[in-house]
Amino acid sequence: AEAGDAYAQYELGKWYAIGRGVKQDFKKALKWYKKAADQGNPRAQSNLGVMYKNGQGVELDFKKALKWWQKAADQGQARAQTSLGFMYHQGQGVKQDYAKALELFTKAAGQGDAFAQTSLGSMYYNGQGVVQDYIIAHMWFCIAAANGYENAVESRDLTAKKMSSEDVSKAQGLARAWVNVHP
């Protein structure tokens, strides 16, 4: 890390952030993440976004969180795309923009991010930026549940109660088809 290796800097930042083998220290985590992020490490950039959003070792700053998540998202980092999508969905630090949230969640969902998949399900369930569609909502909840996201199971089951058995079967078929294309 001291020699300038971005991956080592990211790892050391992570160790300080979670207290793995060292005393937890958000200031030191921030220092190492920043060094790695400045070299373009997308994981470090994403983790800096988390630190700024949550005020860990720094003042809470949505604008800086957005900046770092955008840098990581531009490199295809799924967690950053999801986090950025959440900010647009909620209107935190930016004007609420469901279309942008949908775009970002869709990119991350395609990479297997179960939170993004659940977020897409919620957007279709609630008709946020899209036409309300319980079949598509159920599909996304099925996909996220299959990826191990427990909250999606409850959402899937609640959605199914609003659907006919034929529509549930259709949603399950769509989920299987999506998973076959995105293994």
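Residues numbered from 1 in each chain as written. Predicted model: local features only at pLDDT ≥ 70, side-chain atom pairs only at ≥ 80, totals over all residues. Heavy atoms only, no water.

Enquirer: I would appreciate a short explanation of helix α2 (residues 26-38) in the present structure.
Expert: Residues lying three or four places apart along an α-helix face the same way, a consequence of the helix completing one turn every 3.6 residues. Counted at 1.5 Å a residue, the expected span for α2 with its 13 residues is 18 Å, and the 18 Å between its end C-alpha atoms agrees. Of all the positions in α2, only A29, L30, W32, Y33, A36 and A37 are classed as buried. Each element contacted by the buried residues of α2 is listed here: α1 (6-18), α3 (42-54) and α4 (62-74). Its side-chain oxygen 3.0 Å from the backbone nitrogen of K27, D25 forms the N-cap of α2. Downstream of α2 by one or two residues, G40 has phi in the positive range, about 95°. (Helix = DSSP H or I, 4+ residues; strand = E, 2+ residues; numbered from the N terminus. Expected span 1.5 Å × (residues − 1). Buried < 20%, exposed > 50% of the residue type's maximum accessible area, 1.4 Å probe, protein only. Contact = heavy atoms within 4.5 Å. Polar contact = N/O pair within 3.5 Å; in protein donor to acceptor, adjacent residues only side chain to side chain.)

Enquirer: Explanation requested: the side chain of H89 in the structure shown.
Expert: Note that H89 resides in helix α5 (residues 78-90). The residues contacting H89, other than those within four sequence positions of it, are Q96, Y98, A101, F105, M123 and Q128.

Enquirer: Would you explain the pattern of salt bridges in this entry?
Expert: Between side chains of opposite charge, pairing is possible as soon as their charged atoms come close. Overall, the coordinates contain 6 salt bridges when judged by the stated rule. As a salt-bridge pair, K100 and E103 come within 3.8 Å of each other at their nearest N and O atoms. Of this pair, K100 and E103 are both found in helix α6 (residues 98-109), 3 residues apart, which corresponds to roughly one turn of the helix. We classify K100 as partly exposed; its relative accessible area is 23%. Classification of E103 as partly exposed rests on a relative accessible area of 37%. Connected through salt bridges with shared partners, the residues K100, E103 and K107 form a single ionic network. (Salt bridge = Lys/Arg side-chain N within 4 Å of Asp/Glu carboxyl O.)

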